[in-house]
Amino acid sequence: MKHSLSEGRQLVYLQGIEGSYLRELDVRVIGYENGGYILDRTIMHYQGGGQPGDRGVLLSGDLSIPIYNVKKKGKNVLHLSTVETPIDRGKLVLDWERRYKIMKMHTLQHAISSVIFQDGYESLITEVFPGYGFIESNRDDIKIRGEGYDINKISRNLKRYDVRREDLDPRLMARCNLDKLPKSISEISVVEIEGLDLCACAGTHVKNTAEIGDYWIRAPGNRVEFGLF
Ligand SMILES: [Zn+2]
């Protein structure tokens, strides 16, 4: 949901939309604590903002150290692993197949949230997983019309950029509840779907909505559920 610019340089996956497409990265290992490796920089998204943490491996020499999740604890991003080995450097390799599904799902979630918002429904809670996701809204009478849900059929580019809080577009305040963000957050990472949506987000997304491919959607009660075929 938020990050500072300096953290953004460490979180390589947040450098433009392209940063989310890096599958491997040479890293320096700062240490191992609380069950996880701390690295100088990373391509792995840490769990939060309605998106799961990434998985993958940390390679060093003949070693292949499994990373089963990534979480933030205090200021540190922990690459969680049950294998503790003292190493100085390594190559971080993402479980790309899983991550790419999450990128499609997160992009789909933004688009659906934007479409239902136009009909007066707020997205109070959003969660995406590899291949499945849901939105919980403030009202329980959501109707999925045909119109507006052809998200994967219209080619729209995505962009990511940092905005100073005082320069934020008022449209952001409406769809994304930015007034809930602590006043101490001065710079906000914004994801824009060309001609459709603008929202603060520190997750990962695809470059173009056409990448999403076929998906299903249904709306039981106050939830919208959706997934990839
Ligand atoms: Zn997002």
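My aim in this report is to walk through the structure given alongside it, one point at a time.

Reading the values: rules and limits
Residues numbered from 1 in each chain as written. Predicted model: local features only at pLDDT ≥ 70, side-chain atom pairs only at ≥ 80, totals over all residues. Heavy atoms only, no water. Helix = DSSP H or I, 4+ residues; strand = E, 2+ residues; numbered from the N terminus. Contact = heavy atoms within 4.5 Å. Donors = N, O, S within 2.8 Å, 3.2 Å for Na, K, Ca; no water. Tetrahedral: all angles 85-135°; square planar, octahedral: opposite > 155°, others 65-115°. Salt bridge = Lys/Arg side-chain N within 4 Å of Asp/Glu carboxyl O. Buried < 20%, exposed > 50% of the residue type's maximum accessible area, 1.4 Å probe, protein only.

### Section: the environment of Val-190
Phase 1 of the analysis: In this structure, Val-190 sits in strand β11 (residues 187–193).
Phase 2 of the analysis: Between the C-alpha atoms of Val-190 and Lys-104, which are 86 residues apart in sequence, the distance is 17 Å.
Phase 3 of the analysis: For Val-190, the residues in contact, after removing those within four places along its chain, are Lys-159, Arg-160, Tyr-161, Val-163, Leu-168, Leu-172, Leu-198, Cys-199 and Ala-200.

### Overview of the coordination of the zinc ion
Phase 1 of the analysis: Protein ligation of the zinc ion involves His-106 (NE2), His-110 (NE2), Cys-201 (SG) and His-205 (NE2), the donor distances falling in the range 2.0 to 2.3 Å.
Phase 2 of the analysis: The coordination sphere of the zinc ion comprises 4 donor atoms, whose angles at the metal cover 99 to 123°; the geometry is tetrahedral.
Phase 3 of the analysis: Coordination of the zinc ion draws on donor residues from a single chain, spaced H-x3-H-x90-C-x3-H in sequence. With His-106 in helix α2 (residues 96–118) and His-205 in the loop between β12 (197–200) and β13 (215–218), the pair connects residues that are 99 residues apart, well separated along the chain.

### Here's the deal with the pattern of salt bridges
Phase 1 of the analysis: In this structure the tally under the stated criterion is 11 salt bridges.
Phase 2 of the analysis: Glu-136 serves as the salt-bridge partner of Arg-223, at 3.1 Å between the closest nitrogen and oxygen. Pair noted here: Arg-223 is in strand β14 (residues 223–228) and Glu-136 is in strand β9 (residues 132–137), with a separation of 87 residues, a long-range link.
Phase 3 of the analysis: Between Arg-175 and Asp-197 there is a salt bridge, and its shortest N-O distance comes to 2.8 Å. Of the two residues, Arg-175 sits in helix α3 (residues 170–176) while Asp-197 sits in strand β12, which places them 22 residues apart along the sequence. Accessibility assignment for this pair places Arg-175 and Asp-197 in one class, buried.
Phase 4 of the analysis: Overlapping salt bridges, with partners in common, bring together Glu-136, Arg-218, Arg-223 and Glu-225 in one network.

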